[in-house]
Amino acid sequence: MDRSSPNGFRVSIAVVSLLLGVLSSFFAWAAYWSVLDWRGSQWGMSDARAQLVLTASADAGHGDGKNLEATRDLARYLSDHGISLLEGSVGDGWPAIVFQSSGSSVGWADALPRGCRDMDSRIACVIESSFSAGQWREHGDAPLLPQGFSVGGVVRVPGANVGGNLQYVLPLGAVPLFPGSVYVNTSDPQRLREISDLFARCGMDVTRPQAQSLWSSLAGDSFVGITLLFLVLALVCACVCVTTMETARKADLHVRRLFGATRRQVWTGRVRGAVVPIVTGVLAGTMLSAVLITVVSGRTGLGPAVAFAAAFTVGTILTVLVTGLAEWFGIRSNDEVER
């Protein structure tokens, strides 16, 4: 088909948009999964501000009874100040995540049954895909639970992977505090000092490692970097391709200029005529890549829907911008040739 004809130009734009839709989808999905992995490292706390690491203090001389009392004091302090906390066990201690949730910072914790959120109820929820969840479903017991606790349900915790050591979740204050990695949704120095003092009363030494930001996580993700590189290269190639197609329409531009059309008017008409092929092409490319990624990765549910919408939006915006830029270069080049 002659690319200088209007229909040929639209088909060519649709093909270019389809390819950009595929590549922008790969980039959007890579970024989406990187964000999930980053959030998973904080077990789903949406507004984590500080990370702390707890280790058993060599100077701790009191037993579990005093540790439990101090842990409950910590839970009450956090509740009174509207601070959320998540701690996952590392090394010694119960294979658990303990939580204190205020507001909506820990969505999965706020959705637990009331008994699983009460430190006095002696009810725990096992983590989806953990060994304890399988044992509870198949045999009706969970041997790794603390003595005297029963199972109140199953919960899916971001970042708690299959085969991991984390088995169940408990409200802060249900058991004595143990060594682990802690996230809190405050960075206020005074609050962190007071929290650290309470940790010390629980028999824990506190250190504060350098937390990884979302941007540094994205920058360090090789999959995000590779897909971004291919997308940038594809955008450059698309710009050159559309510019070349515009130079092939020199005769049409000449006629329009003879009838008094300005360069801006011609450019606006060209871009307006490319919008429908762009949307169609990007949508087709996004759907194609979504099917391929879902089949290969096995990931289903809301995540792919969110990634699909992001890929389509990003792909459409980038393709329109590249097309508009290439059209302007092509029209300007034709004008200079006419002179």
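Let us look at the structure shown here. Each residue is numbered by its place in its chain's sequence as written, counting from 1. Reporting of local features is limited, given that this is a predicted model, to residues whose pLDDT is at least 70; pairs of side-chain atoms are given and counted only at 80 or more, and all residues count toward the totals for whole chains, interfaces and linings. Side-chain metrics rest on all non-hydrogen atoms present in the structure, leaving aside hydrogens and water.

1. A few points about the pairing of strand β3 (residues 96-100)
Our working rule: The classification of residues rests on relative accessible area computed with a 1.4 Å probe and restricted to protein chains. Under 20% of the type maximum is buried, over 50% is exposed, and intermediate values are partly exposed. Under the scheme used here, helices are H or I runs from DSSP no shorter than 4 residues and strands are E runs no shorter than 2 residues, and both carry numbers assigned from the N terminus. A pair of strands is considered paired only if DSSP assigns at least 2 bridges between the two.
The buried fraction of β3 is high, at 5 of 5 residues. Burial along β3 is two-sided: Ala 96, Val 98 and Gln 100 facing one way and Ile 97 and Phe 99 facing the other are all buried. Sheet analysis places β3 next to strand β6 (residues 168-171), joined by 4 bridges and oriented parallel. By the bridge assignment, Val 98 is partnered in β6 with Leu 170.

2. A word on the environment of Ser 79
Tracing the backbone through its elements, the reader meets Ser 79 in helix α2 (residues 64-80). Look at Ser 79 and you get partly exposed, because its relative accessible area is 42%. As for Ser 79 and Ser 101, which are separated by 22 residues in sequence, their C-alpha atoms are 8.0 Å apart.

3. Some remarks on the packing of aromatic side chains
Rules: Only Phe, Tyr and Trp rings take part, Trp by its six-membered ring, and two of them pair if their centres are within 6.5 Å. Stacked means planes under 30 degrees apart, edge-to-face means over 60, and tilted covers everything else.
Overall, the coordinates contain 2 aromatic pairs when judged by the stated rule. Seen in terms of ring centroids, Trp 43 and Tyr 183 are 5.8 Å apart; in terms of plane orientation they differ by 75°. Their pairing is edge-to-face. On the criterion of sequence distance, the pair formed by Trp 43 in the loop between α1 (6-40) and β1 (50-56) and Tyr 183 in strand β7 (residues 180-184) is long-range, its members being 140 residues apart. Tyr 183 shares its class with Trp 43; the two are buried. A centroid spacing of 5.8 Å and a plane angle of 70° characterise the contact between Phe 99 and Trp 108, whose relative ring orientation is edge-to-face.

4. Some remarks on the environment of Thr 243
You can see Thr 243 is positioned in helix α7 (residues 222-247). Looking at Thr 243, the relative accessible area reads 19%, which means it is buried.

5. Quick notes on unusual backbone geometry
Positive phi outside glycine occurs at Arg 122, with the angle close to 60°. Structurally, Arg 122 is set in the loop between α3 (107-110) and β4 (123-127). You will see that Ser 129, though not glycine, has its phi angle at about 75°, which is positive. Along the chain, the position of Ser 129 falls in the loop between β4 and α4 (131-139). On the accessibility criterion, Ser 129 (36% relative accessible area) is partly exposed.

6. Remarks on the sheet that holds β4
Heads up, the rule is: Axes, fitted as lines to C-alpha atoms, cover a helix only where it is in contact. Angles between the N-to-C directions of the axes lie from 0 to 180 degrees. The contact criterion used throughout is that any non-hydrogen atoms of two residues lie within 4.5 Å.
One open sheet accounts for 8 strands, arranged β5-β4-β6-β3-β2-β7-β1-β8; its pairing is mixed. Of all the strands in the sheet, the pair left with one neighbour each is β5 (150-155) and β8 (204-207). Strand-to-strand twist across the sheet, computed as the mean angle between neighbouring axes with direction ignored, equals 25°. By the bridge criterion, 4 bridges tie β4 to β5 in an arrangement that is parallel. When the sheet's bridge partners are listed, Ile 123 is paired in β5 with Ser 150. Against the sheet, helix α5 (residues 189-201) engages β1, β2 (85-89), β7 and β8, with an angle of about 150° to β8.

7. A word on a nonpolar patch on the surface
Which entries qualify depends on this criterion: Patch membership requires more than 30% relative accessible area and the absence of a salt bridge. Residues of like charge join within 9 Å; the nonpolar side chains Val, Leu, Ile, Met, Phe, Trp and Tyr join within 5 Å. Using the Shrake-Rupley algorithm and a 1.4 Å probe, accessible areas are obtained, with residue cover drawn only from the displayed protein chains. Every case where a carboxyl oxygen of Asp or Glu lies within 4 Å of a side-chain nitrogen of Lys or Arg is listed as a salt bridge.
A surface patch of nonpolar side chains, about 320 Å² in accessible area, is lined by Leu 228, Val 232, Val 236 and Val 240. Within the secondary structure, Val 236 sits in helix α7.

8. As for α4
As a reminder of what qualifies: Working definition: the arc comes from the directions between the helix axis and the C-beta atoms, pointing outward to the latter.
For α4, the full list of buried residues reads Ser 132, Ala 133 and Gln 135. Angular distribution of buried residues about the axis of α4 spans 165°; they occupy a single face of the element. In the core, the buried residues of α4 are packed alongside β4. Residue Gly 140 follows α4 closely and has a positive phi angle near 80°.

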